[in-house]
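Here's the letter readout for the chains.
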Amino acid sequence: MVNSKIQAAEENLLHVYNRFPIALDHGKGVYLYDMDGKEYLDFAAGFAVSGLGYGNQELSQALKDQLDQLYHTSNLYYHENCGAAAEALNRVSGMDRIFFTNSGGEAVEGALKAARKYAYSRKSGRFEFIAMKHSFHGRTFGAVSVTGHDAYREPFEPLIPGVRFAKFNDLDSVKALVSDKTCAIILEPLQGEGGINLATQEFMEGIRKICDDNDILMICDEVQCGMGRTGTMFAWQGFGVKPDILAMAKAIGNGIPVGAFAMTQKVADDSLCAGDHGSTYGGNPLACAAVRKVIEIFEREDIVGHVNKVAPYLEKRLDELVETLDCVTLRKGKGLMQGIVVTKPIAEINQRTIKEGLLVIQAEGNVIRFVPPLIIEEKHVDEMIEKLKRALS
């Protein structure tokens, strides 16, 4: 059955994904099941999306109720969920104003436009961006333009002008690129696709100071590392370094397509206004119902507190792999966004983990990435380690 479904997909879909040979059917908790009933322990969470795991009945019921009521309107009208979701996201993110999108790439695109408009409104003549090497910000032209991977950029050049790349965690390299044309600096506090690279406290504070001293905006892309994954609701809060613009998506909807970019009131007062930006589906009632309910569950169940309880155990078990297996050389990351550097081919390891009933994904630098649902328990960590050991043997 699985093979027939895979064949049907291959015959009709554009081949832009290196898909695993699995046809999934349903999920429950931290497990996924294929169409033949095989169980997979999921330590990928749909690229850090399914923070609450699968089959959360409270969230499902909220979505079903909203489907019966209303799931699309024009953004010319208000609806209750949009206002409630915006209030909740601003409260937990520490920002002031928010714009809903359909994805993380769109959130980054909007953040870049807001930064350009802020510079335009102030008649500063600034238009350039400083981004980081090994960064990943999405697939749209603006997002690809600030993504620090040649493989993602080169096939689509020329991209938008005025983007310069600094070394991550190297303040001197950032300072060397700052000019009177720089309007914003964009970075991920914890790079995901780029290899699970965590910003240092010094780097975050240094970027903030550079921005403050030069009337430059600081943009944090927390599409992957936000929403509780690093042990605070958003990663910037763990550093105590607040950005001017914050991009988010993925786990804020637990799988329902939704993203957002938020900003301080200072930026909102001097950037995008009516007619500057829009989205037909962004902020629709169904997506906002998901955001509203996800945040309600996160706060009531203290998901962030749970992350801080289980993450040290995950780190401990991964450190044991570094100590005991020659093919594992380094662990890095924060919270429930971890990675290990391995010397064996990742593609080969993926094939073996699938056979073991374990789903993981890779990142740059021969890194196995662990971004499981935030509801995992220590027993799931133990199960993952045993399956991974066999796959690495």
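Note that the structure is predicted; figures quoted are calculated from it, not measured. (Residues numbered from 1 in each chain as written. Predicted model: local features only at pLDDT ≥ 70, side-chain atom pairs only at ≥ 80, totals over all residues. Heavy atoms only, no water.)

Novice: Mind showing me how you'd approach the pairing of strand β10 (residues 217–221) here?
Specialist: Consecutive side chains of a regular strand alternate in pointing toward one face of the sheet and then the other. Across the five residues of β10, five count as buried, placing the element largely inside the fold. Burial along β10 is two-sided: Leu 217, Ile 219 and Asp 221 and Met 218 and Cys 220, pointing in opposite directions, are all buried. Of the pairings in the sheet, the one linking strand β7 (residues 182–187) to β10 comprises four bridges and is parallel in character. Each residue of the ladder has a partner; that of Ala 184, found in β10, is Leu 217. Examined bridge by bridge, β10 and strand β11 (residues 245–248) share three bridges and lie parallel to one another. When the bridges of β11 are listed, Cys 220 appears paired with Leu 246. (Buried < 20%, exposed > 50% of the residue type's maximum accessible area, 1.4 Å probe, protein only. Helix = DSSP H or I, 4+ residues; strand = E, 2+ residues; numbered from the N terminus. Pairing = 2+ DSSP bridges.)

Novice: Would you explain the packing of aromatic side chains in this entry?
Specialist: One pair of aromatic rings is described through two measures. These are the centre distance and the angle between the planes. Considering all chains together, one arrives at three aromatic pairs under this definition. Plain terms: the ring middles of Phe 168 and Phe 203 are 5.6 Å apart, the flat faces sit at 70° to each other, and that makes the pair edge-to-face. Taken together, the residues Phe 168 in the loop between β6 (163–166) and α8 (171–175) and Phe 203 in helix α9 (residues 201–214) connect sequence positions 35 residues apart. As far as the burial class goes, Phe 168 and Phe 203 line up, both buried. (Phe/Tyr/Trp six-rings, centres within 6.5 Å; stacked < 30°, edge-to-face > 60°.)

Novice: Just checking my understanding: could you explain the sheet that holds strand β14 (residues 337–342) for this structure?
Specialist: Remark on secondary structure: sheet strands pair via backbone hydrogen bonds, oriented parallel or antiparallel. Across the sheet, four strands lie side by side as β13-β14-β17-β16; this open sheet has antiparallel pairing. Because the sheet does not close on itself, it has two edges, and the strands there are β13 (328–334) and β16 (361–363). Across the sheet, the axes of successive neighbouring strands diverge by a mean angle of 30°, strand direction being ignored. Bridging between β16 and strand β17 (residues 367–370) involves three bridges; their strand directions are antiparallel. What sits directly across from Ala 363, in β17, is Val 367. Here helix α13 (residues 303–324) sits on the sheet in contact with β13, β14 and β17, set at roughly 160° to β13. Running at roughly 40° to β17, helix α14 (residues 346–356) makes contact with β14, β16 and β17 of the sheet. (Axes fitted to C-alpha atoms, helices over the stretch in contact; angles between N-to-C directions. Contact = heavy atoms within 4.5 Å.)

Novice: What exactly am I supposed to notice about the nonpolar core here?
Specialist: Soluble globular proteins tend to pack their nonpolar side chains together in the buried interior. One finds Leu 89, Met 132, Ile 207, Ile 368 and Met 384 to be the most contacted residues of the largest nonpolar core, which totals 82 residues. Contacts of Met 384, omitting those with residues within four sequence positions, involve Leu 41, Phe 43, Leu 314, Leu 318, Leu 358 and Phe 370. Judged by nonpolar contacts, the second largest core, of 26 residues, contains Ala 107, Ala 111, Leu 112 and Val 146. (Core = buried A, V, L, I, M, F, W, Y, C linked by side-chain atoms within 4.5 Å.)

Novice: Just checking my understanding: could you explain the side chain of His 137 for this structure?
Specialist: Residue placement: His 137 occurs in the loop between β5 (128–132) and α6 (141–145). Judged by its relative accessible area of 3%, His 137 is buried. At 2.7 Å, the side chain of His 137 forms a polar contact with the side chain of Asp 221. If near-sequence neighbours (up to four positions away) are discounted, His 137 is found in contact with Gly 104, Gly 105, Val 108, Ala 143, Val 146, Thr 147, Ile 186, Leu 187, Glu 188 and Asp 221. (Polar contact = N/O pair within 3.5 Å; in protein donor to acceptor, adjacent residues only side chain to side chain.)

Novice: For this particular structure, what's the right way to read a nonpolar patch on the surface?
Specialist: Side chains of Leu 14, Val 16 and Tyr 17 sit close together on the surface and give an oily, nonpolar patch of about 390 Å² of accessible area. Within the element layout of this structure, Val 16 appears in the loop between α1 (2–12) and β1 (24–28). Looking at Val 16, the relative accessible area reads 55%, which means it is exposed. (Patch = residues over 30% accessible without salt bridge, like charges linked within 9 Å, V, L, I, M, F, W, Y side chains within 5 Å. Areas by Shrake-Rupley, 256 points an atom, 1.4 Å probe, with all protein chains shown as cover. Salt bridge = Lys/Arg side-chain N within 4 Å of Asp/Glu carboxyl O.)

Novice: Would you take a moment to explain unusual backbone geometry for this structure?
Specialist: It is generally the case that most residues other than glycine have a negative phi and that most peptide bonds are trans. In this structure, Pro 158 follows Glu 157 across a cis peptide bond, with omega equal to 5°. For Pro 158, the location among the structural elements is in the loop between α7 (150–153) and β6. The backbone of Asn 169 sits at a positive phi, close to 65°, despite the residue not being glycine. As for its position among the elements, Asn 169 is in the loop between β6 and α8.

Novice: Any chance you could explain helix α12 (residues 285–300) here in plain terms?
Specialist: Every α-helix carries 3.6 residues per turn, so stepping three or four residues along brings you back to the same face. With 16 residues, α12 should cover 22 Å at 1.5 Å per step; its first-to-last C-alpha distance of 22 Å lies within 8% of that length. Taken as a whole, α12 has its buried residues at Pro 285, Leu 286, Ala 287, Cys 288, Ala 289, Ala 290, Val 291, Lys 293, Val 294, Ile 295, Ile 297 and Phe 298. Against the buried residues of α12 lie α3 (57–69), α4 (80–93), β4 (97–101) and α13. Looking at where α12 begins, the residue whose side-chain oxygen comes 3.0 Å from the main-chain nitrogen of Leu 286 is Asn 284. Looking one or two residues past α12, Asp 302 carries a phi angle of roughly 50°, positive in sign. (Expected span 1.5 Å × (residues − 1).)

Novice: Honestly, the state of the cysteines in this entry has me stumped. Any pointers?
Specialist: Simply put, the disulfide is a covalent bond whose two ends are the sulfur atoms of two cysteines. For the structure on display, the rule yields zero disulfides. The cysteine Cys 82 is free of any disulfide, with Cys 288 supplying the nearest cysteine sulfur at 4.3 Å. With no disulfide of its own, Cys 211 lies closest to Cys 220 among cysteine sulfurs, the gap being 9.2 Å. (Disulfide = S-S within 2.5 Å.)

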